[in-house]
Amino acid sequence: MAEIKNNQALSQGKKEPKTPRRGAVNEEQRREQRLMVLTPVVSMLLALIVGAVIIVCLGKNPIEGYAAMLQGSVGDLSKIGKTLERACPLIFTSLTAVFAYKCGVFNLGGEGQFIMGGCAAAYAVITFGLDGVPALLVALVMGIIFGGLWGLLPGILKITRGLNEMITTIMFNYIALYFMEFLYKNVYSDEGLPQTPAMPKSAHLVDIGPAHAGVIVAIILGIFLWYLIFRTSFGFKIRAVGLNPTAARVNGFPVRFLVLAAFVISGAVAGLGGAVELFGKTPFRLADGFGSGFGFDGVAIALIAQLNPAASIVVAIVFGMLSTGGTMMQSVIGVPTAIVDIIRGLIIIFAVAGMAMVKLPKVKAFITAMFSKDKKAEVSA
């Protein structure tokens, strides 16, 4: 019967529907990968150009300013180390956002989970009078556990009561912030000052090259999460739930468990970051400003990196360069450090706008036509 229908279709001049060739599918995937790489790169370049225009309007030399920024961020080993240490907490909080977003949940509580990790680490070390390597190991484990627990709470509220996780995670950020303030002002105040005693010197993270070992931990964790998300069956289930939870449920995936796991794992990553920050960077104590701004910067970095853990490391280091180099730019050409915040904000705006634009049907058709013209030109050459 199939042969008769095919013969009839051919006799009537009708063509059978064609399935996409493997080569065409691979070419489309390569094109999408190129766009994923180009979008954040172009957004950074555009932000630097706009920043240069602003610097010119202030009557300063942007080339001299950007040269000073590079000198202040990567001019020598000590400055490179400072840049990496500034980027370290951003790597942890961006990985927090990436892992949760891959499961389709919007964990905006990275900052609260980061703070609770630091609080748990400080509480364990001070309460039990620990010192040396045992203090560091207990602190890191406590950071992971309490960060995961702080992520678990909004996860439970989501799957049991249907509460919006964006609202609950932001609310938990404030609870963590005020809990930390209660600790360093009342429970463990250092001689009446609004800060905890410094962590034991023997428990500090050792320096590996120009930066402390926490930077290596953050980079290894980013690579591990990339492997977990893109190269394991558990990561496939996480991504499947993020893409279509209904289809995942129909195919037998434990959607509620995976959502909870995403909250717990992402919270544990942030909690580990809080413990690393406490034991790796001066002043080695809880005080006002600990963890401030890292959570929302991490979300921005995750979006710019297009939810790729490996790319998040690179973007976090760029943000670290902007942070450390801004002071040098201010001292050399006399512009306010707010310029760096403007550039950072522009990178976020251009990156998010670019990701939205490349998904528009007309833009995709235009890009496809451009690539096809380039390919024809290469073949004819």
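Residues numbered from 1 in each chain as written. Predicted model: local features only at pLDDT ≥ 70, side-chain atom pairs only at ≥ 80, totals over all residues. Heavy atoms only, no water.

K.L.:
Talk me through the overall build of the protein; I want residue IDs and the actual numbers.
P.N.:
Each helix and strand in the protein was counted, giving 15 helices and two strands. When the 381 residues of the protein are sorted by exposure, 44% land in the buried category. Pairs at least 24 apart in sequence give 76% of the contacts found in the protein among residues at least 6 apart. Counting only carbon and sulfur atoms, one obtains 67% of the accessible surface of the protein, whose full area is about 19900 Å². (Helix = DSSP H or I, 4+ residues; strand = E, 2+ residues; numbered from the N terminus. Buried < 20%, exposed > 50% of the residue type's maximum accessible area, 1.4 Å probe, protein only. Contact = heavy atoms within 4.5 Å. Areas by Shrake-Rupley, 256 points an atom, 1.4 Å probe, with all protein chains shown as cover.)

K.L.:
Hey, could you go over the packing of helix H6 (residues 132–161) against helix H7 (residues 165–187) for me, with residue numbers and the actual values?
P.N.:
The contact between H6 and H7 brings their axes to 10 Å, and the two run at 145°. In the packing of H6 onto H7, the handedness of the crossing is right-handed. Where H6 abuts H7, its residues Trp-150, Leu-153, Pro-154, Leu-157 and Lys-158 lie against Glu-165, Thr-168, Thr-169, Phe-172, Ile-175 and Ala-176. Classifying every residue of the contact of H6 with H7 by side-chain character gives seven nonpolar, two polar and two charged. (Axes fitted to C-alpha atoms, helices over the stretch in contact; angles between N-to-C directions. Left-handed = near helix turned anticlockwise from the far one by under 90°. Nonpolar A, V, L, I, M, F, W, Y, C, P; charged D, E, K, R; others polar.)

K.L.:
Could you give me a rundown of helix H11 (residues 255–280), with the residues and numbers involved?
P.N.:
Here H11 is 26 residues long and its end C-alpha atoms lie 37 Å apart, about the 38 Å a rise of 1.5 Å per residue gives. Judged by how many residues are buried, H11 sits mostly within the fold: 22 of 26 residues are covered. (Expected span 1.5 Å × (residues − 1).)

K.L.:
Pulling in residues and values, what's your account of unusual backbone geometry?
P.N.:
The omega torsion across Thr-282 and Pro-283 is 15°, close enough to zero to call that bond cis. Considering the arrangement of structural elements, one finds Pro-283 in the loop between H11 and helix H12 (294–304). Its identity is not glycine, yet Phe-284 carries a phi of approximately 60°, on the positive side. Residue classification places Phe-284 among the buried positions, given a relative accessible area of 17%.

K.L.:
Break down the confidence of the model for the protein for me, citing the residues and quoting the values.
P.N.:
Scored by pLDDT, the protein has a mean of 89; 89% of the residues are at 70 or more. Here residues 1–17 is a poorly scored stretch, pLDDT under 50, and it has two contacts once near neighbours within four places are set aside; other chains count. (pLDDT = per-residue confidence, 0-100.)

K.L.:
Tell me what's going on with the environment of Ala-87, and back it up with residues and numbers.
P.N.:
By secondary structure assignment, the location of Ala-87 is in helix H4 (residues 77–102). Between the C-alpha atom of Ala-87 and that of Phe-294, which follows or precedes it by 207 residues, the distance is 9.8 Å. Apart from residues lying up to four places away in sequence, Ala-87 is in contact with Ala-316, Ile-317 and Gly-320.

K.L.:
Go over the environment of Leu-90 with me, naming the residues and quoting the values.
P.N.:
Its location among the elements puts Leu-90 in helix H4. Leaving out residues up to four positions away in the same chain, Leu-90 has contacts with Phe-294, Asp-297, Gly-298, Ile-301, Ala-316 and Phe-319.

K.L.:
Describe the environment of Ala-353, naming the residues involved and giving the relevant values.
P.N.:
Considering the arrangement of structural elements, one finds Ala-353 in helix H14 (residues 338–357). On the basis of relative accessible area, Ala-353 is assigned to the partly exposed category, the value being 35%.

K.L.:
An account of the nonpolar core is needed here, citing residue identities and associated values.
P.N.:
Grouped burial of nonpolar side chains is what soluble globular proteins tend to show. Of all hydrophobic cores here, the largest spans 89 residues; its most connected members are Phe-92, Val-259, Leu-278, Phe-279, Leu-286 and Met-329. Once residues within four sequence positions are removed from consideration, Val-259 is found in contact with Cys-103, Val-105, Lys-158, Ile-159 and Val-241. (Core = buried A, V, L, I, M, F, W, Y, C linked by side-chain atoms within 4.5 Å.)

K.L.:
Can you lay out the pattern of salt bridges for me, pointing to particular residues and giving the numbers?
P.N.:
Under the definition given, this model contains five salt bridges. Salt-bridge contacts for Lys-158 lead to Glu-165; the nearest nitrogen and oxygen are separated by 3.0 Å. Lys-185 is the partner of Glu-181 in a salt bridge, and the nearest nitrogen-oxygen pair spans 2.8 Å. Of this pair, Glu-181 and Lys-185 are both found in helix H7, four residues apart, which corresponds to roughly one turn of the helix. You can call Glu-181 partly exposed: its relative accessible area is 25%. With a relative accessible area of 43%, Lys-185 lands in the partly exposed category. (Salt bridge = Lys/Arg side-chain N within 4 Å of Asp/Glu carboxyl O.)

K.L.:
Help me get a handle on the packing of aromatic side chains, residues and values and all.
P.N.:
What describes a pair of aromatic rings is the distance from one ring centre to the other and the angle between the planes of the rings. Here the structure, examined in full by the defined rule, presents seven aromatic pairs. Seen from their ring centres, Trp-226 and Phe-230 are 6.1 Å apart, and the 45° between their planes marks the pair as tilted. Remark: Phe-230 and Trp-226 occur in helix H8 (residues 213–231); sequence separation between them is four residues, near one turn of the helix. For Trp-226, a relative accessible area of 28% translates into the label partly exposed. On the accessibility criterion, Phe-230 (24% relative accessible area) is partly exposed. (Phe/Tyr/Trp six-rings, centres within 6.5 Å; stacked < 30°, edge-to-face > 60°.)

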